[in-house]
Amino acid sequence: MKQGNRISETLSAADAKKIVDLLRQVQDLMPFLITLQPEESRGLRNIGFDGVPFTQAALDAVRADPGFTRRAFDLAEFEKDVALMDSLRGIQAVLGPLAQKVSDTYRLAGADVMVTADDVYEDLRRDNGETAAVQAPSPS
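Below: a short report on this structure.

Criteria and thresholds
Residues numbered from 1 in each chain as written. Predicted model: local features only at pLDDT ≥ 70, side-chain atom pairs only at ≥ 80, totals over all residues. Heavy atoms only, no water. Patch = residues over 30% accessible without salt bridge, like charges linked within 9 Å, V, L, I, M, F, W, Y side chains within 5 Å. Areas by Shrake-Rupley, 256 points an atom, 1.4 Å probe, with all protein chains shown as cover. Salt bridge = Lys/Arg side-chain N within 4 Å of Asp/Glu carboxyl O. Buried < 20%, exposed > 50% of the residue type's maximum accessible area, 1.4 Å probe, protein only. Phe/Tyr/Trp six-rings, centres within 6.5 Å; stacked < 30°, edge-to-face > 60°.

Considerations on a nonpolar patch on the surface
A cluster of nonpolar side chains, Ile91, Leu95, Leu98 and Val102, forms an exposed patch at the surface whose accessible area comes to about 330 Å². Overall, the relative accessible area of 51% leaves Val102 in the exposed class.

Here is the structure:
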């Protein structure tokens, strides 16, 4: 069963440009962002839900006694990485759902226009077929 026109909204070109410009400004504030290749991503240890308190506990332990570790340890770098992760987590908490909403809305609008375009195509095919049948001379 075809379902079309499940979303009926507009976004002006001016507003779309403002949004893109603002997103570019956000991106410019984080020039350190990277894109991992799939093989790089697969090889990384995942922080997961329990990883956040685990890393904080590790940081607290090293701050309490930096001499207990068995290897050279750069506390300042570890603190910097934990702070970055924490800041990015807050940004990701807002950006992730927003990106999903934009993607879902784009997908729904695209599905709507495809259903309508299919209907238009069928009408054109039907009209062209009927027109051709009417215009074609009958065999004698």
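Here's the deal with the packing of aromatic side chains
For the structure on display, the rule yields one aromatic pair. A ring pair is formed by Phe73 and Phe78, whose centres lie 5.5 Å apart and whose planes are at 75°; its orientation type is edge-to-face. Residue classification places Phe73 among the partly exposed positions, given a relative accessible area of 29%. Among the residues examined, Phe78 registers a relative accessible area of 22% and is labelled partly exposed.

Examining the pattern of salt bridges
Two side chains carrying opposite charge are able to pair once their charged atoms lie near each other. This model, assessed by the stated rule, comprises eight salt bridges. The closest approach of N and O atoms between Asp127 and Arg126, which form a salt bridge, is 3.6 Å. A relative accessible area of 36% places Asp127 in the partly exposed class. Since its relative accessible area comes to 45%, Arg126 is described here as partly exposed. Look at the salt bridges and you will find they share partners, linking Asp123, Arg126 and Asp127 into a network.

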